[in-house]
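# Descriptive structure summary
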Amino acid sequence: MAAEKRGSRSKKMVDGTAISSKPSGSSSSDPFALLSRTAISSFAEFPSILNKEGSSPEIGTVVYIHGIANKPVASVLKCQWDTALFGAPMGDRTRMAYWVDRDRYPEPEKGSCADKDTLLADASGASVRALMENEQEPEIRLSAAERKIMDALKKRLHVEEKLSGDVGIKVLPLPEEARLNAVRRMTSKGFLRDVQDFFFDEAKRQRMEQSLRDRLDVGGGPFIVIAHSQGSMIAYHVLRQLQQDACDVRLFITIGSPLGIQEVQDVFGRIDPGKPLAVPECVDQWLNVAERLDLVAMDARLDNDYQPNSRGVKIKDHTGLMINPDWTSNPHSGTGYLSIDIVRQTVREVAGPTFSNPVGRNILMKDLVDDIEDSHREQRHPTLIQLVSDDGATTPLNEVRERLKRLIEDVLVFNQARPEEGRVQLMQRFISADLTRREIEQLRSHCSTLKIDRVWRNAVKRMLLHKSVHTIQVRPANLGYGACGQDIAWAVLDTGIAAGHPHFAQHKNIVAQWDCTETDSPKQLKPGDKGFNTLDGNGHGTHVAATIAGTLTLPRDDEDKSEITLQGMAPEAKLYGFKVLQDNGRGEDAFIIKALDTIAALNERAGKLVIHGVNLSLGGSFDPSVFGCGHTPLCQELRRLWQQGVLVCLAAGNEGYALLDSASGVIPANMDLSIGDPANLDDAIAVGSVHKTNPHTYGVSYFSSRGPTADGRMKPDLVAPGENILSACHRWPKNKLTVRNAYVEMSGTSMATPHVSGLLAAFLSARREFIGYPDRVKTLLLQHCTDLNRDPYIQGKGMPNLVKMIMNT
């Protein structure tokens, strides 16, 4: 009957978001609400997003709400429930309405995704003692009628006789003391505090209910709502307030629910006087599942207490011979209930096969989902919004980008946030913004309308010479072949360059710089502009740039007047500096992508390569469960640059060594599979580190990240000197310059990468026919490496040799 009437509701839903008033009282001026109303007229050129008359779209989101007492952090609890129900984490397709009272339980329970609900499993009684601490809380003042309800409920839950005397049911297979602990916990004042709050503390009840409203109001339906224990009381009270066209709940599942208990029903009568107990109007199906030994669901049947709604939807009770798989330790276990066949099958039937596929496509990336699950509702998260750019639609990408920018700015105004709180930044195919959980989930709900492909976490990236020029045979090539980088330009994406350093003076290496770390478009600085000579407040970028290009002859120090010439790998190459890391050495994907957009635009406007290569001595961690290796937003934009003909050199990372905790103490270990992002990009050259003078003897640096990549490819591609590299310092005295006061030693794959960048700039200056063919250059580079006889997943093809590259071409 519900399915027959669903078509009338569908006309009022846009992207699963109700266009009627929302239960939280959202204003009609809410930009997302306005977007729902104007979706067809304002976005007429987009494919229709309305459900067809009588259609039954697959489920958009499963919303969980947990039960009583303390829990692990929300992301872990959600993962436990996902795994129990679907067999794997489900990303943005599920949400957890999380309402644990952190005043009562200051520290979350410890747990991992693989754990189960062990509420009653602590036979030692430690969990009971911890719970009893809550009995020290001041008593809530209750009226005589309210006290009568709580006393009656406590008496009803005191079921020691049932545990041992009812012949018709199982007996908890626990030792007597553990069994008594279970009963004490279920009947303690501490355990019932949350129930008492829901019954009689309106402010706390509102906070509990708001946790569910927040996850429904943002859209993303049709919904399945699954409620456990006290969560079923919260969910029922929220859903019974919603009309049919306000929220599209295709399936409501209650597990281990106390809704059959008379005292609970009496309280609903007090909260909503005159309102009958009935299936909520917004619900199409209601499945109630109860284990016969579950003390909370002692009155298991609900269909005899709750009448059908106006569309004839009745409760389907499943309380027969079903056994909660966790019954031996906790018959009330939420994860146990979710793994029961009737629950799993019903969810799969309603959700549809596509939704239930654990590796299905997500709009919000997993790491961002974890962040927003664990955060306060008002906390802002750095996001990177990827726009659909290749679907053949007639709408220009810049128009799509501008519409989304205006919407985000309107949302910030509506939420009374200052513009700087949102930090909106525009890129060619991305927009970054700091958004709340509600705003992020609203974007997901409207992804079709707004032409959003995915929403990523705006990931943090961080900073990861005179003898090493001989190690990779650069100096002989400079002298013998004139391969000095003349008429070749390289971009350095780092902390900026201290362009005033005398190292860059002779060849006027620094052409221009851009500061990409502000929310506006990149700010260009030219020679003579204020800040051009001092853009680098950290030193990392200057060190990297001077390894690539520039030259200076100086005395060693004040005492040793013998002179040394320090020069980059391609001393005459031109450099373009892009500040994408702040002076603290940290940046984000949005800063880097803005720089890449600028480089691509420079080349496109010129009709040729103005910038021939880029150096990124930076990186961050990578979670392969979020997306495939080499396909993050940053990797996608670097691939576009590579396809334009620009060489891309990336630091492999410094995660090759770690200290691991164990039962025996801390253990030092070299770490395979430690290649970071974006170094796992195939269309790039990932560089590890070796000793600067004795690479055959000392081999690969202990800190250098090791392969393979998470999808099984060999990385790094090669290694280069990265230990104790001497290069320009970002601060130097105005007079009496020496090597000691103008140069500094640093180590890391950040130092190894510019060796390869400079080597390639020198190569292109001598063999110009390879300009614009990065694949051919990479092949030549790797073919002519010197094998160090180390594992290829650690050394790649070995160490580069510029002389061999030039001689054989």
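Scope of this entry: the structure provided in the associated data block. (Residues numbered from 1 in each chain as written. Predicted model: local features only at pLDDT ≥ 70, side-chain atom pairs only at ≥ 80, totals over all residues. Heavy atoms only, no water.)

Here the focus is the nonpolar core. Among the nonpolar cores identified, the biggest contains 106 residues, and Trp490, Leu493, Phe578, Val580 and Leu760 are the most heavily contacted of them. The next biggest cluster of nonpolar side chains, apart from the first, holds 45 residues, and it includes Ala97, Leu192, Leu212 and Leu259. (Core = buried A, V, L, I, M, F, W, Y, C linked by side-chain atoms within 4.5 Å. Buried < 20%, exposed > 50% of the residue type's maximum accessible area, 1.4 Å probe, protein only.)

Take the sheet that holds strand E5 (residues 223-228) next. Strand pairing in a sheet is mediated by backbone hydrogen bonds. Such pairs are either parallel or antiparallel. Pairing within the open sheet is parallel, and its 6 strands lie in the order E4-E3-E5-E6-E7-E8. At either end of the open sheet lies a strand with only one pairing partner, and these are strand E4 (94-97) and strand E8 (315-318). Mean inter-strand twist for the sheet, computed between neighbouring axes without regard to direction, equals 15 degrees. Pairing of strand E3 (residues 61-65) with E4 involves 4 bridges; the strand directions are parallel. Each bridged residue has a counterpart across the sheet, and for Tyr64 the counterpart in E4 is Met96. The strands that helix H13 (residues 341-351) touches are E5, strand E6 (249-255), strand E7 (286-289) and E8; relative to E6, the one it contacts most, it runs at about 170 degrees. (Pairing = 2+ DSSP bridges. Helix = DSSP H or I, 4+ residues; strand = E, 2+ residues; numbered from the N terminus. Axes fitted to C-alpha atoms, helices over the stretch in contact; angles between N-to-C directions. Contact = heavy atoms within 4.5 Å.)

Let's shift gears to the state of the cysteines. Inspection of every chain in the model, using the stated rule, returns 1 disulfide. Residue pairing for Cys79: its cysteine sulfur links by disulfide to Cys113, the two sulfurs lying 1.8 Å apart. Judged by the torsion about the S-S bond (-70 degrees), the Cys79/Cys113 disulfide is left-handed. Within this pair, whereas Cys79 is found in helix H3 (residues 74-86), its partner Cys113 is found in the loop between E4 and helix H4 (126-132), the two being separated by 34 residues in sequence. (Disulfide = S-S within 2.5 Å.)

Further remarks concern the packing of helix H22 (residues 540-548) against helix H27 (residues 749-766). Remark: H22 packs on H27, axes separated minimally by 8 Å, with the N-to-C direction vectors making an angle of 35 degrees. Judged by the twist between their axes, the crossing of H22 over H27 is right-handed. Seen from H22, the contacting residues are His540, His543, Val544, Thr547 and Ile548; seen from H27, they are Ser750, Met751, Pro754, His755, Ser757 and Gly758. Of the residues belonging to the contact of H22 with H27, the class tally is 4 nonpolar, 7 polar and no charged. (Left-handed = near helix turned anticlockwise from the far one by under 90°. Nonpolar A, V, L, I, M, F, W, Y, C, P; charged D, E, K, R; others polar.)

We now examine the sheet that holds strand E16 (residues 523-525). Ordered by their spatial adjacency, 8 strands build an open sheet running E16-E15-E19-E14-E21-E23-E26-E27, and the pairing between neighbours is mixed. Unpaired on one side and paired on the other, E16 and strand E27 (718-721) mark the two borders of the sheet. On average, each strand axis in the sheet is tilted by 25 degrees relative to the strand beside it, whichever way the strands run. As paired strands, strand E26 (residues 685-690) and E27 are joined by 4 bridges and run parallel to one another. Residue pairing in the sheet places Gly688 in a bridge with Val719 of E27.

Oppositely charged side chains are able to pair whenever their charged atoms sit close together. Counting across every chain of the model gives 39 salt bridges. Linking Arg215 and Glu373 is a salt bridge whose minimum nitrogen-to-oxygen distance equals 3.1 Å. A residue pair is termed long-range when its members are at least 10 positions apart, and Arg215 in helix H9 (residues 202-217) and Glu373 in helix H15 (residues 366-374) qualify at 158 residues. Among the residues examined, Arg215 registers a relative accessible area of 0% and is labelled buried. Its relative accessible area of 4% is what places Glu373 among the buried residues. A salt bridge links Glu745 to Lys692; its shortest N-O distance comes to 3.7 Å. Here Glu745 is found in strand E29 (residues 743-746), whereas its partner Lys692 is found in the loop between E26 and helix H25 (695-698), with 53 residues between them in sequence. (Salt bridge = Lys/Arg side-chain N within 4 Å of Asp/Glu carboxyl O.)

A word on H9. Across its 16 residues, H9 extends 21 Å between first and last C-alpha, which sits within 8% of the 22 Å expected from 1.5 Å per residue. Its maximal kink placed at Gln210, H9 deviates by approximately 25 degrees. Restricting attention to buried positions, one finds in H9 the residues Arg205, Met208, Glu209, Ser211, Leu212, Arg213, Asp214, Arg215, Leu216 and Asp217. Its side-chain oxygen 3.2 Å from the backbone nitrogen of Ala203, Asp201 forms the N-cap of H9. (Expected span 1.5 Å × (residues − 1). Bend = angle between axes of the 7 residues up to and from the residue. Polar contact = N/O pair within 3.5 Å; in protein donor to acceptor, adjacent residues only side chain to side chain.)

Where burial is concerned, most of strand E15 (residues 510-515) is hidden: 5 out of the 6 residues are buried. Bridge analysis of E15 against strand E19 (residues 574-579) gives 5 bridges, and the strand direction is parallel. In the sheet register, Asp515 faces E19, and the bridge partner there is Lys579.

Below, the discussion takes up the packing of helix H23 (residues 589-606) against helix H24 (residues 633-643). It is the contact of H23 with H24, at a shortest axis distance of 10 Å, that shows an interaxial angle of 15 degrees. As summarised for this structure, H23 and H24 are arranged roughly parallel, according to the angle between their axes. The handedness of the crossing between H23 and H24 is left-handed. For the pair H23 and H24, the contacting residues are Asp589, Ile592, Ile593, Leu596, Asp597, Ile599 and Ala600 in the first and Pro633, Leu634, Glu637, Leu638 and Leu641 in the second. Classifying every residue of the contact of H23 with H24 by side-chain character gives 9 nonpolar, no polar and 3 charged. (Parallel < 35°, antiparallel > 145°, perpendicular 65-115°, else oblique.)

Turning our attention to helix H10 (residues 230-239). Of all 10 residues making up H10, 10 are buried, and the element is well covered by its neighbours. Within the span of H10, buried status applies to Gln230, Gly231, Ser232, Met233, Ile234, Ala235, Tyr236, His237, Val238 and Leu239.

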